[in-house]
Structure formats: structure tokens, C-alpha cells
Amino acid sequence: MDRFMQEAIAEAKKGLAEGGIPIGSVLVRGETIIGRGHNRRVQDGDPVLHAEIDCLRNAGRVGTYRDTVLYSTLMPCYLCSGAVVQFGIPKVVAGEAHNFCGARDFLREHGVEVIDLNLTECITMMQECIAANPRLWNEDIGEL
């Protein structure tokens, strides 16, 4: 497995250990992680603090994003995909889109290369979270 996706999975596990939703993300430039984060909606009471947003916040101002890759354990939603498009991130690598298809088509329509790794570890982690906390999950994706 790609070492950057392994780091995103580690972030997802941090979020789960904190009582949150297990989604993690890392932002990579070349061979270096320049940002990392995980879904912190529950922990911080912040409705927009998805993993990708936390990752971008933690990266800080990096100038251009045109030479970066965003890794996420789950296909990004429209909120996070909007940030990808806004900042010109050219490539997104998702751990899975089985539990949530996200905004894959939106990303592709805006010229973003999207790779879905369909990783069993990511799928299982989300399935277990959704089964244990369906109301929390539905709140996260705006389906309450």
C-alpha cells in the first residue's frame, strides 16, 4: 500500500480514537507530507471540519497547490471537493468510495485526476463506524 495512504489511515484512526468519524487525509508535495488531518466535526463541534479541510488548515499557506496530491481515506464530499477545485489541487487519491461515492464526478468535471484505491481496510473502517453510529454519519453527510 502507498505510504501516503498509510499516513491518511493513521489519521483516520486518530479521529476514531478521539470519538470522531474515522476519515483521514494528507497533502503531499513530491515525496513530502506538507499537511495532515482527520475529521474533527465531533471533537471540535465544527460542522465543516472534515478531514480534508483539517488537512488543508494544518498545511497552512503553501503558495501554489498545483504540484500537490491530496490523499483521503474516503472519497471527498462536495465541501472538500470544492476546496480541491478552488485551490487547484490536480490529483486526489481516495482509499474508498464504496460507503460514500462523494463528489468524484464533480472533481473529474473540473479536471482533477481521481484515483479510487478501493482498500478493504478503509471500507471496513467506515462500515463499522456507520453501523455503530448511523445518526452521526448521516449528520456528517447532511442526510439527517
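Structure's up top.
Note that this is a predicted model, so its numbers are computed, not measured. (Residues numbered from 1 in each chain as written. Predicted model: local features only at pLDDT ≥ 70, side-chain atom pairs only at ≥ 80, totals over all residues. Heavy atoms only, no water.)

Chemist: Mind showing me how you'd approach the packing of helix α1 (residues 3-17) against helix α6 (residues 120-132) here?
Modeler: Each pair of packed helices can be summarised by the angle the axes make with each other and by the distance between the axes. Here α1 crosses α6 at 15°, and the two axes come no closer than 11 Å. When the axis of α1 is compared with that of α6, the two are roughly parallel. For the pair α1 and α6, the crossing hand works out as left-handed. Taking contact as the criterion, the partners of Ile9, Ala12 and Lys13 in α1 are, on α6, Glu121, Cys122 and Met125. Considered class by class, the residues forming the contact of α1 with α6 number four nonpolar, no polar and two charged. (Axes fitted to C-alpha atoms, helices over the stretch in contact; angles between N-to-C directions. Helix = DSSP H or I, 4+ residues; strand = E, 2+ residues; numbered from the N terminus. Parallel < 35°, antiparallel > 145°, perpendicular 65-115°, else oblique. Left-handed = near helix turned anticlockwise from the far one by under 90°. Contact = heavy atoms within 4.5 Å. Nonpolar A, V, L, I, M, F, W, Y, C, P; charged D, E, K, R; others polar.)

Chemist: Before we go on, may I ask you to explain the sheet that holds strand β5 (residues 113-116) in this structure?
Modeler: Remark on secondary structure: sheet strands pair via backbone hydrogen bonds, oriented parallel or antiparallel. Read across the open sheet, the five strands follow the order β2-β1-β3-β4-β5; overall the sheet is mixed. Edge positions in the sheet fall to β2 (32-38) and β5, since each has one partner strand and no second. Pairwise comparison of adjacent strand axes, ignoring direction, gives a mean angle of 15° for this sheet. Relative to strand β3 (residues 68-72), strand β1 (residues 24-29) is paired through five bridges, and the arrangement is antiparallel. Bridged to Val26 within β3 is Tyr71. Along the sheet face, α1 touches β1, β2, β3 and β4 (91-94) and points at about 25° away from the line of β2. (Pairing = 2+ DSSP bridges.)

Chemist: Explain helix α3 (residues 51-59) to me, please; I cannot follow it from the model alone.
Modeler: Owing to its 3.6 residues per turn, the α-helix brings residues three or four apart onto one side. Taken across its nine residues, α3 has seven buried, putting it largely inside the fold. Listed as buried for α3 are Ala51, Glu52, Ile53, Asp54, Cys55, Leu56 and Ala59. Looking at the packing, one finds that the buried side of α3 touches β1, β2, β3 and α4 (78-87). Downstream of α3 by a residue or two, Gly60 has a phi angle that is positive, lying close to 75°. (Buried < 20%, exposed > 50% of the residue type's maximum accessible area, 1.4 Å probe, protein only.)

Chemist: I tried to follow the environment of Cys77 on my own but got confused; where do I start?
Modeler: Inspection of the secondary structure puts Cys77 in the loop between β3 and α4. Note on Cys77: relative accessible area 13%, which makes it buried. Along the chain, Cys77 and His50 lie 27 residues apart, while their C-alpha atoms are 9.1 Å from each other. Apart from residues lying up to four places away in sequence, Cys77 is in contact with His50, Phe100, Gly102 and Ala103.

Chemist: For this particular structure, what's the right way to read the environment of Leu144?
Modeler: By the secondary structure assignment, Leu144 is in the segment after α7 (134-140). Taking relative accessible area as the criterion, Leu144 reaches 60% and is therefore assigned exposed. Here Leu144 is in contact with Arg135, Asn138 and Glu139, once residues within four sequence places are set aside.

Chemist: Would you take a moment to explain unusual backbone geometry for this structure?
Modeler: Trans is the prevailing form of peptide bonds, just as negative phi is the prevailing case for residues other than glycine. Residues other than glycine seldom take positive phi values, yet Asn118 does so here, at roughly 50°. Looking at the element boundaries, Asn118 is found in the loop between β5 and α6. Its relative accessible area of 48% is what places Asn118 among the partly exposed residues.

Chemist: Help me understand α1 in this model?
Modeler: With 15 residues, α1 should cover 21 Å at 1.5 Å per step; its first-to-last C-alpha distance of 21 Å lies within 8% of that length. Among the residues of α1, Phe4, Met5, Ala8, Ile9, Glu11, Ala12 and Gly15 are the ones counted as buried. Down the axis of α1, the smallest arc covering the buried residues is 155°, so these residues share one side. Looking at the buried positions of α1, the neighbouring elements they touch are β1, β2, α2 (41-44), β3, β4 and α6. (Expected span 1.5 Å × (residues − 1). Arc of directions from axis to C-beta.)

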